[in-house]
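# Examining the three-dimensional arrangement
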Amino acid sequence: METQEVLIEKAKDILQDFGREFFEETFKVYTPHKIKELDIDKFNFDAWEVVVQVPDEQFGGQSPYFIFFEEDTLEPFMFHDGGAEGRTPDLEILKKNGKYVIGEEWKRETGE
């Protein structure tokens, strides 16, 4: 299976484990190279990004849901739900008992 297909399947597992509805035909995968090229690289390591549209819980319609994966392991580590009500911080993705769960707020490493 191609890397992009693997990431989309993992993203679907995450969304299902979180109980989050999503729009099936809206998945987009960004390579580590593309993330750097678009200057949206937020990490001090290479990462893949999967973006999918989810129902917007506050305003209706659709909003983007971002899931980030480490390049070397293809394991998810952070997400941002653009469709959740109120302030939506970047949150950790953890795996417990074979299911993905929401962790604490993602803390960016600074070079200080």
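Here we summarise the structure given alongside this text. (Residues numbered from 1 in each chain as written. Predicted model: local features only at pLDDT ≥ 70, side-chain atom pairs only at ≥ 80, totals over all residues. Heavy atoms only, no water.)

### Considering unusual backbone geometry
Residues other than glycine seldom take positive phi values, yet Leu-74 does so here, at roughly 60°. Relative to the elements of secondary structure, Leu-74 occurs in the loop between β3 (62-70) and β4 (76-81). Take Leu-74: its relative accessible area is 18%, and that puts it in the buried class. The backbone of Asn-97 sits at a positive phi, close to 55°, despite the residue not being glycine. Here Asn-97 shows up in the loop between β5 (91-96) and β6 (99-105). Of the residues examined, Asn-97 reaches a relative accessible area of 83% and is grouped as exposed. (Helix = DSSP H or I, 4+ residues; strand = E, 2+ residues; numbered from the N terminus. Buried < 20%, exposed > 50% of the residue type's maximum accessible area, 1.4 Å probe, protein only.)

### Concerning the pairing of β6
Note that β5 and β6 share five bridges and pair antiparallel. The partner of Leu-91 across the bridge, within β6, is Glu-105. Counting the residues between successive antiparallel strands, the hairpin from β5 to β6 contains two residues, one of them, Asn-97, with a positive phi of roughly 55°. (Pairing = 2+ DSSP bridges.)

### What about the side chain of Asp-56?
On the secondary structure map, Asp-56 appears in the loop between β2 (47-55) and β3. This buried residue, Asp-56, is left without a salt bridge; Arg-20 holds the nearest opposite charge, at 6.9 Å. A polar contact is formed between the side chain of Asp-56 and the backbone nitrogen of Gln-58, at a distance of 2.9 Å. Separated by 2.8 Å, the side chain of Asp-56 and the backbone nitrogen of Phe-59 make a polar contact. For Asp-56, the contacting residues outside a window of four places in its chain are Gly-61, Gln-62, Ser-63, Gly-82 and Gly-83. (Lys, Arg positive; Asp, Glu negative; His and termini not counted. Salt bridge = Lys/Arg side-chain N within 4 Å of Asp/Glu carboxyl O. Polar contact = N/O pair within 3.5 Å; in protein donor to acceptor, adjacent residues only side chain to side chain. Contact = heavy atoms within 4.5 Å.)

### Comments concerning the pattern of salt bridges
All chains considered together, the criterion is met by eight salt bridges. Ionic pairing is found between Asp-46 and Lys-36, a salt bridge with its closest N-O pair at 2.3 Å. Of this pair, Asp-46 sits in the loop between α2 (32-37) and β2 while Lys-36 sits in helix α2, and the two are ten residues apart along the sequence. The class for Lys-36 is partly exposed, based on a relative accessible area of 42%. One continuous salt-bridge network, built from bridges that share partners, spans Glu-9, Lys-12 and Glu-24.

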